[in-house]
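Remarks on the overall topology
As a plain string of letters, each chain reads:
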Amino acid sequence: MVVTRIVIVGAAAAGLAVAESARTAGYGGQLVMVGDEEYKPYDRPPLSKQVLLGEWPAERTALRSDADLGKLGLDLRLGVPASGVDTDARELVLADDTRLPFDALVVATGVRARKLPGAPAAPNVHVLRGLDDAMALRDQLTPGVRLVVIGAGVLGAEVAAVATQRGIAVTLVDPLPLPMTRVVGAAIGEFVAGLHREHGVDVRCGVGVRQLRTAGGRVDAVELEDGALVPADVVLVAIGGAPAVDWLRGAAVPLGGAKPEEGAGGVLCAAGGRAAEGVYAAGDVAAWCTPDGEAYLRVEHRLNATEQGRAVAKSILDPAFRYVPAVPYFWSDQYDLKIQSFGSPGPDDEFVVVEGSLAERRFVGAYLRAGVVTGALGAGLPRELRAWRTRVGRPMSRGSS
Amino acid sequence: MKVVVDEEKCCAGGQCVLASPDVFDQRDEDGVVVLLNANPPLELLEGVREAALICPAAAITVEEG
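Residues numbered from 1 in each chain as written. Chains lettered and ligands numbered in written order. Predicted model: local features only at pLDDT ≥ 70, side-chain atom pairs only at ≥ 80, totals over all residues. Heavy atoms only, no water.

Side note on the packing of helix α1 (residues 13–24) of chain A against helix α7 (residues 302–317) of chain A
Residue and element names in this part refer to chain A. Short version of the rule: Whenever a helix is involved, its axis is fitted only over the stretch in contact; in every case the axis is a line through C-alpha atoms, and angles between N-to-C directions fall within 0 to 180 degrees. Only DSSP runs of H or I reaching four residues or more are called helices, and only runs of E reaching two or more are called strands; each is numbered from the N terminus. Any angle from 65 to 115 degrees is called roughly perpendicular, while one under 35 is roughly parallel, one over 145 is roughly antiparallel, and all others are oblique. Two helices cross in a left-handed way if the nearer one is turned anticlockwise from the farther one by less than a right angle. They cross in a right-handed way if the turn is clockwise. Contacts are residue-level and defined by heavy atoms, with any inter-residue pair within 4.5 Å sufficient. When residues are sorted by character, Ala, Val, Leu, Ile, Met, Phe, Trp, Tyr, Cys and Pro go into the nonpolar class, Asp, Glu, Lys and Arg into the charged class, and all the rest, Gly among them, into the polar class.
Packing of α1 against α7 brings their axes to within 7 Å, and their N-to-C directions diverge by 40 degrees. As summarised for this structure, α1 and α7 are arranged oblique, according to the angle between their axes. In the crossing of α1 with α7, the sense of the turn from one axis to the other is right-handed. Mapping the contact onto sequence places Ala13, Ala14, Ala17, Val18, Ser21 and Ala22 in α1 and Arg302, Ala305, Thr306, Gly309, Arg310, Val312, Ala313 and Leu317 in α7. Residues belonging to the contact of α1 with α7 are distributed by class as follows: 9 nonpolar, 3 polar and 2 charged.

Structure representation (structure tokens):
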């Protein structure tokens, strides 16, 4: 079937990569992009970094200039969410009842920030996912306020660092014993915890939140499970994201179970991004089958959105295309450090420093499982770290470093 | 073809160097992109386009013409 109508739901990094890659591949057909926000495609990593720090105005997060967007010949429909899809008729339905026929539909709706169960809605309780979230939080982070960050994942740790740099007293809370451990393991978790403590953050890892205490319609303290009461002027809930798939319920598009290896609630796809006849998914919302065929994994890293978007464009346009997974990459800016990581190590993999030292805060380390390099992570030695990218997936003999 | 990089946006991942090593490099100290050739020849276009598309910080712009 000749594809002449591609409809992309989601106007961020993954959706944009589909559009650009399709045009680069010579696709001259209709290209519709639907976004639930009013903003043109913008980038999310700067939201918890330069935008929150107040260094960048919102416009600086634009992924492409208006001129470059214009060259893509997009039918850009912003400010209206998708509400459903009819896979038999091959029509996408929007919240304003517009029906958009497609040959290929791309689901690139990303994730929504999870809310704390039972938490009250209050003007000083925030999540951070979109540009509006970032600006609302930024505006409340005035000098002297006390911020409690609930969730010490990558996002929570970045916000703690930025707020500290802005002269704000930060408490970082997580039920897990160390920050970022699910992503970087215990050794780097210790390192990150030390980094934050040194900068004055009150790191309360290993204890969960019992409830948010309210007074006069605002939250004024966070009560922890050990009974401690942490005074709060502003609260950020950074406990992860859930795939934005509500609009797909009831449609003939497969969705994963809750467990990570079941796709963590994302759109289940073959490697290459095909979810069903004429339906594809890319980015945070997509759970692609692993090369060994044993699991479906969702990956919420920025580079993954682009990689998968490119692959989906190729899958749509070229039936012979075979996806070759790239080495995963992510980075996190905290204080004056840029932590960078290649690969996808498990939280229990051993971490061995192979260059520099953690104490100097200039290092490269390798993650090992059964003698095989599962990832590499470093700070302050970018060139040396990059050299380790090609070693991911290969055996490492001790002494070879 | 004209290549423009935004050092302030660069996230130092080095993906551009992997895509087009004749045009991009990284600074030793912080990994920020170094543009080796702002007007690369046309035969490098594919790699440069790839670098711009893949850059996870949208820090590379290519003006073709």
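Details of the pairing of strand β1 (residues 5–9) of chain A
All names here are of chain A. What counts here: Only protein chains enter the area calculation, which uses a 1.4 Å probe; residues under 20% of their type maximum are buried, those over 50% are exposed, and those in between are partly exposed. One requirement defines pairing of two strands: DSSP has to find at least two bridges between them. Call a crossover right-handed when, viewed with both strands pointing away from you, the route from the first strand across the helix to the second goes clockwise.
Summarising burial for β1: 4 of the 5 residues are buried, a large majority. In this structure, β1 lies alongside strand β2 (residues 30–35), joined through 5 bridges in parallel fashion. The residue of β2 that forms the bridge with isoleucine 6 is leucine 31. Taken together, β1, α1 and β2 form a β-α-β motif whose crossover is right-handed.

Observations concerning the nonpolar core
Residues and elements named next belong to chain A. To keep it simple, the criterion reads: Put simply, a nonpolar core is a bunch of buried Ala, Val, Leu, Ile, Met, Phe, Trp, Tyr and Cys residues held in one set by side-chain atoms that sit within 4.5 Å of each other.
Ranked by size, the top nonpolar core spans 56 residues in total, and within it Ile6, Leu92 and Val267 carry the most contacts. The dominant element in this core, judged by the number of residues it contributes, is α1, at 6 residues. Apart from the residues lying within four places of it in its own chain, the contact partners of valine 267 are Val107, Val245, Leu248, Val253, Pro254, Leu255, Ala275, Ala281, Val285, Ala286 and Ala287. Judged by nonpolar contacts, the second largest core, of 46 residues, contains Val145, Val149, Phe351 and Phe363.

What to know about the packing of aromatic side chains
All names here are of chain A. Note the threshold: The rule is short: rings of Phe, Tyr and Trp, with Trp giving its six-membered ring, pair when the centres are within 6.5 Å, and they are stacked under 30 degrees, edge-to-face over 60, tilted in between.
Within this structure, the stated rule accounts for 7 aromatic pairs over all chains. Here the aromatic rings of tyrosine 39 and tyrosine 42 are separated by 5.8 Å at their centres, their planes lie at 85 degrees, and the arrangement is edge-to-face. Looking at tyrosine 39, the relative accessible area reads 28%, which means it is partly exposed. You can call tyrosine 42 buried: its relative accessible area is 5%. Measuring from ring centre to ring centre gives 4.9 Å for tryptophan 288 and tyrosine 323, while their planes differ by 80 degrees; the resulting arrangement is edge-to-face. Of this pair, tryptophan 288 sits in strand β21 (residues 286–289) while tyrosine 323 sits in the loop between α7 and β23 (329–334), and the two are 35 residues apart along the sequence. On the accessibility criterion, tryptophan 288 (5% relative accessible area) is buried.

Concerning the sheet that holds strand β9 (residues 125–126) of chain A
All names here are of chain A. With parallel pairing, 5 strands are arranged side by side in an open sheet as β9-β16-β10-β11-β12. Every interior strand has two partners, whereas the edge strands, β9 and β12 (202–205), have only one. Relative to strand β16 (residues 234–237), strand β10 (residues 146–150) runs parallel, the two being bridged by 4 bridges. Counted as the bridge partner of isoleucine 150 is valine 237 from β16.

What to know about the interface of chain A and chain B
Quick reminder of the rule: Put simply, buried area is how much 1.4 Å-probe accessible surface two parts lose in total, over both of them, once they are put together. A pair is scored as a salt bridge if a Lys or Arg side-chain nitrogen falls within 4 Å of a carboxyl oxygen belonging to Asp or Glu. Any N or O atom pair separated by 3.5 Å or less is treated as a polar contact, with the protein-specific requirement of one donor-capable and one acceptor-capable atom, and with residues adjacent in sequence counted only for side-chain atom pairs.
Contacts between chain A and chain B engage 26 residues on the former and 28 residues on the latter. Interface area for chain A against chain B, summed over the two sides, is near 2,200 Å², with a carbon-plus-sulfur share of 47%. Contact with chain B buries area across many residues of chain A, yet Arg60(A), Arg383(A) and Arg386(A) alone supply 25% of it, more than any other trio. Seen at the junction of chain A and chain B, the total is 5 salt bridges. Arg310(A) is the salt-bridge partner of Glu50(B), the closest N and O atoms lying 2.6 Å from each other. Where chain A meets chain B, there are 13 residue pairs in polar contact (both at pLDDT 80 or more). Residue assignment for the side of chain A that touches chain B shows that the elements contributing at least two residues are α1, α7, β23, β24 (337–343) and α8 (382–388) of chain A.

Honestly, it's all geometry; don't read function into it.
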